[in-house]
Amino acid sequence: MKAVIIGASAGVGRELARVLAARGHELALVARDLRDLEAIAADLRLRHDVSVHIFADDVAHPDCDNLRDFVQTNLRNIGALFMIAGMVDPLDHGQMDDDDLEAVACTNFLGPARVINCLLPFCGPDTHIVVASTIATIRPRGRNVVYGAAKAGLEHYCMALRHAYSLGLHSVCCYRLGYIRTSMTFGQELMLPAASPERVAAMMVDRLGLSGVCYFPRWWALIGTALQLLPWEVFRRLTY
Ligand SMILES: NC(=O)c1ccc[n+]([C@@H]2O[C@H](COP(=O)([O-])OP(=O)(O)OC[C@H]3O[C@@H](n4cnc5c(N)ncnc54)[C@H](OP(=O)(O)O)[C@@H]3O)[C@@H](O)[C@H]2O)c1
(Lines give C-alpha, C1' and ligand atoms only; values in the text may rest on other atoms or scores of the structure.)
Protein backbone atom coordinates (compact mmCIF):
# COMPACT_ATOMS: atom_id res chain seq x y z
CA MET A 1 0.00 0.00 0.00
CA LYS A 2 1.07 3.60 -0.62
CA ALA A 3 0.44 5.83 2.40
CA VAL A 4 0.63 9.60 2.83
CA ILE A 5 1.14 10.94 6.36
CA ILE A 6 0.53 14.65 6.93
CA GLY A 7 2.29 15.57 10.18
CA ALA A 8 4.84 12.77 10.03
CA SER A 9 7.81 14.25 11.88
CA ALA A 10 6.75 13.81 15.52
CA GLY A 11 4.29 12.16 17.89
CA VAL A 12 1.56 9.99 16.38
CA GLY A 13 2.56 10.78 12.78
CA ARG A 14 6.17 9.66 13.25
CA GLU A 15 5.00 6.44 14.92
CA LEU A 16 2.60 5.81 12.04
CA ALA A 17 5.52 6.12 9.63
CA ARG A 18 7.46 3.59 11.70
CA VAL A 19 4.55 1.09 11.93
CA LEU A 20 3.72 1.34 8.20
CA ALA A 21 7.36 1.05 7.13
CA ALA A 22 7.83 -1.99 9.36
CA ARG A 23 4.91 -3.60 7.51
CA GLY A 24 6.52 -2.86 4.14
CA HIS A 25 4.35 0.01 2.92
CA GLU A 26 5.62 2.79 0.63
CA LEU A 27 5.41 6.19 2.33
CA ALA A 28 5.10 9.89 1.55
CA LEU A 29 5.83 11.99 4.63
CA VAL A 30 4.78 15.63 5.02
CA ALA A 31 5.62 18.14 7.77
CA ARG A 32 7.17 21.60 7.93
CA ASP A 33 10.79 20.75 8.78
CA LEU A 34 12.67 19.19 5.85
CA ARG A 35 15.65 18.14 7.99
CA ASP A 36 13.42 16.22 10.40
CA LEU A 37 11.78 14.46 7.47
CA GLU A 38 15.14 13.63 5.86
CA ALA A 39 16.40 12.04 9.07
CA ILE A 40 13.22 9.99 9.60
CA ALA A 41 13.10 8.86 5.96
CA ALA A 42 16.77 7.81 5.96
CA ASP A 43 16.25 5.78 9.13
CA LEU A 44 13.11 4.04 7.80
CA ARG A 45 14.74 3.20 4.44
CA LEU A 46 17.72 1.70 6.23
CA ARG A 47 15.75 -0.28 8.78
CA HIS A 48 12.89 -1.52 6.61
CA ASP A 49 14.09 -1.28 3.00
CA VAL A 50 10.99 0.66 1.87
CA SER A 51 10.54 3.69 -0.41
CA VAL A 52 10.02 6.87 1.59
CA HIS A 53 9.32 10.20 -0.16
CA ILE A 54 9.30 13.50 1.69
CA PHE A 55 7.70 16.90 1.13
CA ALA A 56 8.08 19.93 3.40
CA ASP A 57 4.87 21.94 3.66
CA ASP A 58 2.89 24.02 6.12
CA VAL A 59 -0.53 22.43 6.38
CA ALA A 60 -1.99 25.73 7.63
CA HIS A 61 -1.24 27.24 4.19
CA PRO A 62 -0.64 24.25 1.96
CA ASP A 63 1.18 24.51 -1.35
CA CYS A 64 -1.50 22.42 -3.08
CA ASP A 65 -0.04 22.64 -6.61
CA ASN A 66 3.38 21.31 -5.58
CA LEU A 67 1.86 18.76 -3.20
CA ARG A 68 -0.23 17.39 -6.08
CA ASP A 69 2.88 17.24 -8.31
CA PHE A 70 4.81 15.48 -5.55
CA VAL A 71 2.12 12.80 -5.16
CA GLN A 72 1.65 12.47 -8.93
CA THR A 73 5.40 11.97 -9.44
CA ASN A 74 6.06 9.63 -6.53
CA LEU A 75 2.88 7.67 -5.77
CA ARG A 76 0.20 8.31 -8.43
CA ASN A 77 -2.42 6.62 -6.23
CA ILE A 78 -2.98 6.76 -2.48
CA GLY A 79 -3.92 3.67 -0.45
CA ALA A 80 -4.16 5.52 2.87
CA LEU A 81 -4.14 9.22 3.67
CA PHE A 82 -3.43 9.97 7.33
CA MET A 83 -4.28 13.56 8.28
CA ILE A 84 -2.46 13.82 11.59
CA ALA A 85 -0.99 17.34 11.78
CA GLY A 86 -2.55 19.58 14.40
CA MET A 87 -1.67 22.16 17.01
CA VAL A 88 -3.05 23.69 20.18
CA ASP A 89 -2.49 27.15 21.64
CA PRO A 90 -2.30 27.56 25.44
CA LEU A 91 -4.10 30.94 25.13
CA ASP A 92 -7.05 29.38 23.27
CA HIS A 93 -9.59 29.92 26.06
CA GLY A 94 -11.54 32.97 24.96
CA GLN A 95 -10.60 36.21 23.24
CA MET A 96 -7.25 35.76 21.52
CA ASP A 97 -4.90 37.45 19.10
CA ASP A 98 -6.32 37.36 15.56
CA ASP A 99 -3.16 35.80 14.04
CA ASP A 100 -3.13 33.08 16.72
CA LEU A 101 -6.80 32.31 16.10
CA GLU A 102 -6.10 32.01 12.36
CA ALA A 103 -3.13 29.69 12.99
CA VAL A 104 -5.21 27.30 15.12
CA ALA A 105 -8.16 27.37 12.71
CA CYS A 106 -6.02 26.93 9.58
CA THR A 107 -3.80 24.17 11.01
CA ASN A 108 -6.70 22.13 12.36
CA PHE A 109 -9.46 22.73 9.82
CA LEU A 110 -9.00 24.83 6.70
CA GLY A 111 -5.51 23.55 5.81
CA PRO A 112 -6.32 19.84 6.37
CA ALA A 113 -9.54 20.22 4.36
CA ARG A 114 -7.57 21.88 1.51
CA VAL A 115 -4.95 19.10 1.57
CA ILE A 116 -7.54 16.31 1.52
CA ASN A 117 -9.43 18.12 -1.23
CA CYS A 118 -6.33 18.50 -3.41
CA LEU A 119 -5.36 14.83 -2.93
CA LEU A 120 -8.84 13.38 -3.65
CA PRO A 121 -8.01 12.85 -7.36
CA PHE A 122 -5.36 10.30 -6.23
CA CYS A 123 -7.87 8.45 -4.05
CA GLY A 124 -10.24 5.70 -5.15
CA PRO A 125 -12.46 2.85 -3.96
CA ASP A 126 -9.47 1.25 -2.18
CA THR A 127 -8.40 4.40 -0.33
CA HIS A 128 -8.67 4.92 3.42
CA ILE A 129 -8.75 8.43 4.90
CA VAL A 130 -7.84 8.55 8.59
CA VAL A 131 -8.01 11.78 10.56
CA ALA A 132 -6.73 12.70 14.04
CA SER A 133 -9.55 14.50 15.82
CA THR A 134 -9.97 15.00 19.54
CA ILE A 135 -12.22 14.51 22.53
CA ALA A 136 -12.38 18.34 22.59
CA THR A 137 -15.15 18.04 19.95
CA ILE A 138 -17.49 16.14 22.27
CA ARG A 139 -19.09 19.22 23.80
CA PRO A 140 -17.99 22.85 23.32
CA ARG A 141 -16.00 23.96 26.36
CA GLY A 142 -13.97 26.93 27.56
CA ARG A 143 -10.55 25.35 26.92
CA ASN A 144 -9.25 24.90 23.38
CA VAL A 145 -12.14 26.97 22.06
CA VAL A 146 -10.90 27.45 18.48
CA TYR A 147 -9.07 24.10 18.38
CA GLY A 148 -12.28 22.23 19.32
CA ALA A 149 -14.32 24.21 16.79
CA ALA A 150 -11.74 23.58 14.04
CA LYS A 151 -11.53 19.83 14.70
CA ALA A 152 -15.34 19.61 14.84
CA GLY A 153 -15.39 21.31 11.44
CA LEU A 154 -12.84 18.82 10.13
CA GLU A 155 -14.89 15.89 11.43
CA HIS A 156 -17.99 17.31 9.75
CA TYR A 157 -16.10 17.83 6.47
CA CYS A 158 -14.74 14.27 6.51
CA MET A 159 -18.08 12.67 7.36
CA ALA A 160 -19.68 14.69 4.55
CA LEU A 161 -16.97 13.40 2.18
CA ARG A 162 -17.70 9.88 3.39
CA HIS A 163 -21.28 10.40 2.24
CA ALA A 164 -20.31 12.13 -1.02
CA TYR A 165 -17.86 9.31 -1.89
CA SER A 166 -19.74 6.38 -0.35
CA LEU A 167 -18.69 4.28 -3.36
CA GLY A 168 -15.58 6.28 -4.29
CA LEU A 169 -13.57 5.77 -1.08
CA HIS A 170 -13.07 2.60 0.96
CA SER A 171 -13.29 4.26 4.38
CA VAL A 172 -13.21 7.63 6.12
CA CYS A 173 -12.50 7.56 9.84
CA CYS A 174 -12.08 10.42 12.34
CA TYR A 175 -10.55 9.35 15.65
CA ARG A 176 -11.55 11.37 18.68
CA LEU A 177 -8.29 10.83 20.51
CA GLY A 178 -7.93 11.11 24.27
CA TYR A 179 -4.71 12.29 25.88
CA ILE A 180 -1.48 11.08 24.23
CA ARG A 181 2.07 11.40 25.59
CA THR A 182 3.63 13.65 22.92
CA SER A 183 5.08 17.15 22.76
CA MET A 184 1.49 18.43 22.64
CA THR A 185 0.84 17.34 26.23
CA PHE A 186 4.42 17.66 27.52
CA GLY A 187 4.51 19.05 31.07
CA GLN A 188 0.71 19.14 31.42
CA GLU A 189 -1.15 17.63 34.35
CA LEU A 190 -3.70 15.31 32.74
CA MET A 191 -6.92 14.28 34.48
CA LEU A 192 -7.00 10.82 32.87
CA PRO A 193 -4.37 8.32 31.69
CA ALA A 194 -2.53 9.16 28.45
CA ALA A 195 -1.88 6.64 25.65
CA SER A 196 1.50 6.28 23.99
CA PRO A 197 1.82 7.49 20.37
CA GLU A 198 3.02 3.96 19.49
CA ARG A 199 -0.31 2.51 20.66
CA VAL A 200 -2.34 5.10 18.78
CA ALA A 201 -0.38 4.52 15.57
CA ALA A 202 -0.65 0.72 15.73
CA MET A 203 -4.40 1.00 16.40
CA MET A 204 -4.91 3.29 13.39
CA VAL A 205 -3.11 0.86 11.09
CA ASP A 206 -4.76 -2.26 12.55
CA ARG A 207 -8.22 -0.71 12.16
CA LEU A 208 -7.80 0.56 8.59
CA GLY A 209 -11.18 0.09 6.94
CA LEU A 210 -13.20 1.38 9.88
CA SER A 211 -15.46 4.34 8.99
CA GLY A 212 -17.18 7.03 11.04
CA VAL A 213 -16.31 9.00 14.16
CA CYS A 214 -14.57 6.68 16.64
CA TYR A 215 -13.04 7.10 20.09
CA PHE A 216 -9.59 6.01 21.19
CA PRO A 217 -9.26 4.78 23.86
CA ARG A 218 -12.79 3.42 23.51
CA TRP A 219 -13.75 4.23 27.11
CA TRP A 220 -13.81 7.88 26.07
CA ALA A 221 -17.13 7.08 24.34
CA LEU A 222 -18.70 6.53 27.78
CA ILE A 223 -17.23 9.76 29.12
CA GLY A 224 -18.37 11.51 25.95
CA THR A 225 -21.95 10.33 26.44
CA ALA A 226 -21.89 11.43 30.08
CA LEU A 227 -20.51 14.85 29.14
CA GLN A 228 -23.22 15.32 26.52
CA LEU A 229 -25.95 14.37 28.98
CA LEU A 230 -24.76 16.62 31.81
CA PRO A 231 -27.23 19.42 32.52
CA TRP A 232 -25.82 22.84 31.62
CA GLU A 233 -25.82 23.98 35.27
CA VAL A 234 -23.43 21.14 36.10
CA PHE A 235 -21.40 21.28 32.85
CA ARG A 236 -20.68 25.01 33.15
CA ARG A 237 -18.86 24.42 36.43
CA LEU A 238 -16.43 21.87 34.90
CA THR A 239 -12.94 23.15 34.13
CA TYR A 240 -11.59 20.14 32.20
N1 LIG B 1 -1.32 14.71 22.05
C2 LIG B 1 -2.58 14.63 22.46
O3 LIG B 1 -2.86 14.48 23.67
C4 LIG B 1 -3.72 14.67 21.47
C5 LIG B 1 -5.02 14.46 21.93
C6 LIG B 1 -6.08 14.51 21.03
C7 LIG B 1 -5.83 14.73 19.68
N8 LIG B 1 -4.57 14.94 19.26
C9 LIG B 1 -4.37 15.20 17.83
O10 LIG B 1 -3.54 14.17 17.31
C11 LIG B 1 -2.72 14.70 16.26
C12 LIG B 1 -1.27 14.37 16.52
O13 LIG B 1 -0.89 14.96 17.74
P14 LIG B 1 0.56 14.74 18.36
O15 LIG B 1 0.37 14.81 19.83
O16 LIG B 1 1.20 13.57 17.74
O17 LIG B 1 1.26 16.11 17.89
P18 LIG B 1 2.82 16.49 17.86
O19 LIG B 1 3.64 15.52 18.63
O20 LIG B 1 2.85 17.94 18.23
O21 LIG B 1 3.17 16.33 16.30
C22 LIG B 1 2.48 17.11 15.37
C23 LIG B 1 2.95 16.75 13.97
O24 LIG B 1 2.23 17.57 13.06
C25 LIG B 1 3.16 18.38 12.33
N26 LIG B 1 2.59 19.70 12.14
C27 LIG B 1 2.14 20.56 13.08
N28 LIG B 1 1.75 21.70 12.52
C29 LIG B 1 1.99 21.55 11.19
C30 LIG B 1 1.80 22.39 10.07
N31 LIG B 1 1.32 23.64 10.20
N32 LIG B 1 2.12 21.93 8.85
C33 LIG B 1 2.62 20.68 8.70
N34 LIG B 1 2.82 19.84 9.72
C35 LIG B 1 2.51 20.28 10.95
C36 LIG B 1 4.41 18.44 13.19
O37 LIG B 1 5.58 18.64 12.40
P38 LIG B 1 6.29 20.08 12.19
O39 LIG B 1 6.09 20.84 13.47
O40 LIG B 1 7.72 19.76 11.87
O41 LIG B 1 5.60 20.68 11.03
C42 LIG B 1 4.43 17.03 13.76
O43 LIG B 1 4.95 16.14 12.81
C44 LIG B 1 -3.04 16.20 16.21
O45 LIG B 1 -3.94 16.45 15.16
C46 LIG B 1 -3.68 16.50 17.53
O47 LIG B 1 -4.58 17.58 17.44
C48 LIG B 1 -3.49 14.90 20.10
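Everything below is about the structure shown above.
Residues numbered from 1 in each chain as written. Predicted model: local features only at pLDDT ≥ 70, side-chain atom pairs only at ≥ 80, totals over all residues. Heavy atoms only, no water.

## So, the site of the ligand
Looking at the ligand, there are 30 residues lining it, with Asp58, Val59, Ile84, Tyr147 and Thr182 nearest. One nitrogen or oxygen atom from the main chain of Gly7 is found 3.4 Å from an oxygen atom belonging to the ligand. Measuring from an oxygen atom of the ligand, one finds a side-chain N or O atom of Thr182 at 2.4 Å. In the complex, the protein chains occlude 91% of the 880 Å² of accessible area that the ligand would expose alone. One can see that the ligand is located within the largest pocket. (Near = heavy atom within 4 Å. Polar contact = N/O pair within 3.5 Å; in protein donor to acceptor, adjacent residues only side chain to side chain. Areas by Shrake-Rupley, 256 points an atom, 1.4 Å probe, with all protein chains shown as cover. 1 Å grid on protein atoms, 1.4 Å probe; cavity = no way out; pocket = protein on both sides within 12 Å on 5 of 7 lines; lining within 4 Å. Sits in = over half its atoms within 2 Å of the grid points.)

## Observations regarding the side chain of Thr137
In this fold, Thr137 is placed in the loop between strand 5 (128–134) and helix 5 (145–164). One polar contact links the side chain of Thr137 to the main-chain carbonyl oxygen of Thr134, over a distance of 2.8 Å. Non-local contacts of Thr137, meaning those with residues more than four positions away in its chain, are made with Gly148, Lys151, Ala152, Glu155 and Arg176. (Helix = DSSP H or I, 4+ residues; strand = E, 2+ residues; numbered from the N terminus. Contact = heavy atoms within 4.5 Å.)

## Considering helix 1 (residues 11–22)
Taking 1.5 Å of rise per residue, 12 residues should cover 16 Å, and helix 1 covers 17 Å from first to last C-alpha, within 8% of that figure. Burial in helix 1 covers these residues: Val12, Gly13, Glu15, Leu16, Ala17, Val19, Leu20 and Ala21. Turning to helix 1, the residues buried within the fold contact strand 1 (2–6), strand 2 (26–31), helix 2 (34–48), strand 4 (80–83) and helix 6 (197–206). (Expected span 1.5 Å × (residues − 1). Buried < 20%, exposed > 50% of the residue type's maximum accessible area, 1.4 Å probe, protein only.)

## Comments concerning unusual backbone geometry
Most peptide bonds take the trans configuration, and most residues that are not glycine carry a negative phi. Of note, the bond from Phe216 into Pro217 is cis; its omega dihedral lies within 30 degrees of zero at -10°. The topology assignment puts Pro217 in the loop between strand 7 (212–216) and helix 7 (220–229). Positive phi is not limited to glycine here, since Asp49 has a value of about 55°. You can see Asp49 is positioned in the loop between helix 2 and strand 3 (52–56). Among the residues examined, Asp49 registers a relative accessible area of 70% and is labelled exposed. Located in the positive-phi region is Asn144, a residue other than glycine, with phi close to 55°. Following the sequence through the fold, Asn144 ends up in the loop between strand 5 and helix 5.

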